[in-house]
Amino acid sequence: MIQSIVAVALVLGGLIFFHELGHFLAARAFGMGVATFSLGFGPQLLGFTRGKTRYALSAIPLGGYVQLVGQDPDDPVPDGFSPQEEFKLRPAWQRMIVVAAGPLFNFFLAWLLFWCLLVAEGRFEMLPVVGQVQADSPAEKAGITAGDTVTTINGAPVANWEEMAKSIRGGGGKSVTLTVRRDGKDLTFTLTPAMRTIKNLFGEEESAPLVGIVASGKTRAVPMGAGSAAGEAVSQTWNVVAVTYTGLLKLIERVVPLDSLGGPIMIAQMVSKQAAEGIGNVVALAALISVNLGVLNLLPIPVLDGGHLLFYTLEIIMRKPVSPRMRSLTTRLGLAFLIALMLLATVNDIRRQISVLNG
């Protein structure tokens, strides 16, 4: 229990801290004043002042904030700060960079975590070992059996299961020649994939050419140097970003059901579960959550960073700020939407808990 609590606090606290650190560093780089840097909301539990900034740990651990000098039009300039440090007086492009820095730091953190994992543990890949042959499939008819290791496809070497699967599906249903290693001997089979209906990551049905073999689940770690790991980490981060945005789109299209949304309870459970599996699993999950946090904050919803970016973009286009009335109205709507979304996610979490308790 203590291990789980510590893991949850470190992961969520670390992600929030890094997000706010992005805002903070960008603001300071432009010479903007920062009145408060808080991890958490509400009453301050701990804190200290260094320079002009108050650094605080607050009671509600569901976020954090960086209070910039002159962030809102009616904000007075705090004691010790000059008017030149006001956020609202800076060009729109500078304000955009400060706002965007938070989500960008989440993406950078995800890259950094993936990079550390790859350097420490290498890249895990699934071996092209057949674990099961489906009945009445092209593979069964050709004579492939469980335990066979696929070594080549159409004469090209096969490094892992994913590479093999992509090669088969990329053939568009054309016949393929597989060479497998069985009991120390190489055997060659030619078979024609059959079109089958499968479900993708989001539960959508799609047709794909398959030969009817299932992976054994055996994996290996491929050692990586710092340079190659950096490039692979970029690729992994980008893949998570793409999947997250696609998932949001599928959610809007109702392909992904709303009851699949999860909130703080589900996140805490996921972190706790991975903590029991080892530090590597926790680091990988933290990278995934960090990407999700960055993506969600970039949505063009007032209150979120993406909403502010939208306002500043309109300001650049129209060459004048968005009217206070419009900002106020859309901010209320955005806040109401986020509260409704949080309530829905929390209700989903509670329902899942009840379902688990009921067996």
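For clarity, every value in this text was computed on a predicted model and none was experimentally measured.

J.: So what about the layout of surface pockets? Which residues, and what values?
T.: In this structure, the second largest pocket spans a volume of roughly 720 Å³. In this structure, the second largest pocket is lined by 22 residues; those nearest its centre are Arg123, Phe124, Glu162, Glu232 and Gln236. If you list the elements that add at least two residues to the lining of the second largest pocket, you get helix 2 (92-121), strand 3 (123-126), helix 4 (161-170), helix 5 (226-252) and helix 7 (279-297). Tallying contributions element by element places helix 5 first for the lining of the second largest pocket, with 5 residues. Classifying every residue of the lining of the second largest pocket by side-chain character gives 9 nonpolar, 6 polar and 7 charged.

J.: Got a sec to walk through the pattern of salt bridges? Specific residues and values, please.
T.: The full count for this structure, using the stated rule, is 12 salt bridges. A salt bridge links glutamate 85 to lysine 52; the shortest N-O distance between them is 3.1 Å. One end of the pair, glutamate 85, is in the loop between strand 2 (53-68) and helix 2; the other, lysine 52, is in the loop between strand 1 (34-50) and strand 2, and 33 residues separate them in sequence. On the basis of relative accessible area, glutamate 85 is assigned to the buried category, the value being 11%. For aspartate 186, the salt bridge is made with arginine 181, and the minimal N-O distance between the two is 2.5 Å. When its relative accessible area of 39% is taken as the criterion, arginine 181 is described as partly exposed. Each of Arg123, Glu125 and Arg220 takes part in one network of salt bridges that share partners.

J.: Explain unusual backbone geometry residue by residue, including any values.
T.: Although it is not a glycine, arginine 254 sits at a positive phi angle of roughly 70 degrees. Tracing the sequence through the fold places arginine 254 in the loop between helix 5 and helix 6 (264-277). A relative accessible area of 56% places arginine 254 in the exposed class. The backbone of valine 303 shows a phi angle near 95 degrees, a positive value even though the residue is not glycine. Within the secondary structure, valine 303 is located in the loop between helix 7 and helix 8 (305-318). Since its relative accessible area comes to 35%, valine 303 is described here as partly exposed.

J.: Account for helix 2, with residues named and values stated.
T.: Taking 1.5 Å per residue as the helical rise, helix 2 with its 30 residues ought to reach 44 Å, and the 43 Å between its terminal C-alpha atoms agrees with that figure. Where helix 2 bends most, at alanine 101, the angle is about 40 degrees, and the proline proline 103 comes one to four residues later. Glycine 122 sits one or two positions beyond helix 2 and adopts a positive phi of about 85 degrees.

J.: For the sheet that holds strand 5 (residues 149-153), give the residues involved together with the corresponding values.
T.: Taken in spatial order, the 4 strands of this open sheet run 6-5-7-8, and their pairing is antiparallel. The open sheet is flanked by strand 6 (156-157) and strand 8 (185-191), the only strands paired with a single partner.

J.: Give me the lowdown on the nonpolar core, citing residues and values where you can.
T.: Core analysis: the biggest nonpolar cluster contains 27 residues, and Val11, Leu113, Val271, Ile289 and Val291 have the highest contact counts within it. At the level of secondary structure, the elements contributing two or more residues to this core comprise helix 1 (2-29), helix 2, helix 5, helix 6 and helix 7. Leave out the neighbours within four places in its chain, and valine 271 touches Ala7, Val8, Val11, Val282, Leu285 and Ile289.

J.: Please give an account of the environment of arginine 352 that cites residues and values.
T.: With respect to the helices and strands, arginine 352 occurs in helix 9 (residues 324-357). Taking C-alpha positions, arginine 352 is 10.0 Å from isoleucine 265, a pair spaced 87 residues apart along the chain. When residues no more than four places from it in sequence are discounted, the contact partners of arginine 352 are Asp259, Ser260, Leu261, Gly262 and Met266. Polar contacts involving the side chain of arginine 352 include one to the main-chain carbonyl oxygen of aspartate 259, which spans 3.0 Å.

J.: For the environment of tyrosine 65, give the residues involved together with the corresponding values.
T.: Turning to its location among the elements, tyrosine 65 is positioned in strand 2. For the pair tyrosine 65 and phenylalanine 37, spaced 28 residues apart in sequence, the C-alpha to C-alpha distance is 6.2 Å. If we skip the residues at most four places from it in the chain, tyrosine 65 touches Glu20, Thr36, Phe37, Ser38, Gly40, Phe41 and Gln44.

J.: How would you sum up the packing of helix 6 against helix 7? Please name residues and give values.
T.: Taken N-terminus to C-terminus, the directions of helix 6 and helix 7 make an angle of 150 degrees; their axes are 7 Å apart at the nearest point. Taken together, the axes of helix 6 and helix 7 are roughly antiparallel relative to one another. Together, Ile267, Met270, Val271, Gln274, Ala275 and Glu277 of helix 6 and Asn281, Val282, Leu285 and Ile289 of helix 7 make up the contact between the two elements. Tallied by class, the residues present in the contact of helix 6 with helix 7 amount to 7 nonpolar, 2 polar and 1 charged.

J.: Give a detailed account of the environment of leucine 39, specifying residues and quantitative values.
T.: As for its position among the elements, leucine 39 is in strand 1. According to the relative accessible area criterion, leucine 39 is partly exposed, its value standing at 25%. The sequence separation of leucine 39 and leucine 104 amounts to 65 residues, and the corresponding C-alpha distance is 18 Å. In this structure, leucine 39 is in contact with Gly13, Ile16, Phe17, Ala56, Leu57, Ser58, Gly63 and Gly64, ignoring residues within four places of it in sequence.

J.: Mind laying out the side chain of threonine 152, listing which residues take part and the relevant values?
T.: Mapped onto the elements of the fold, threonine 152 is located in strand 5. Classification of threonine 152 by relative accessible area gives buried; the value is 17%. One polar contact links threonine 152 to threonine 179, side chain to side chain, over a distance of 3.0 Å. Setting aside residues up to four positions removed in sequence, threonine 152 forms contacts with Pro157, Val158, Thr177, Leu178 and Thr179.

Rules used throughout
Residues numbered from 1 in each chain as written. Predicted model: local features only at pLDDT ≥ 70, side-chain atom pairs only at ≥ 80, totals over all residues. Heavy atoms only, no water. 1 Å grid on protein atoms, 1.4 Å probe; cavity = no way out; pocket = protein on both sides within 12 Å on 5 of 7 lines; lining within 4 Å. Points joined across faces, edges and corners; volume = space filled by probe spheres on them. Helix = DSSP H or I, 4+ residues; strand = E, 2+ residues; numbered from the N terminus. Nonpolar A, V, L, I, M, F, W, Y, C, P; charged D, E, K, R; others polar. Salt bridge = Lys/Arg side-chain N within 4 Å of Asp/Glu carboxyl O. Buried < 20%, exposed > 50% of the residue type's maximum accessible area, 1.4 Å probe, protein only. Expected span 1.5 Å × (residues − 1). Bend = angle between axes of the 7 residues up to and from the residue. Pairing = 2+ DSSP bridges. Core = buried A, V, L, I, M, F, W, Y, C linked by side-chain atoms within 4.5 Å. Contact = heavy atoms within 4.5 Å. Polar contact = N/O pair within 3.5 Å; in protein donor to acceptor, adjacent residues only side chain to side chain. Axes fitted to C-alpha atoms, helices over the stretch in contact; angles between N-to-C directions. Parallel < 35°, antiparallel > 145°, perpendicular 65-115°, else oblique.

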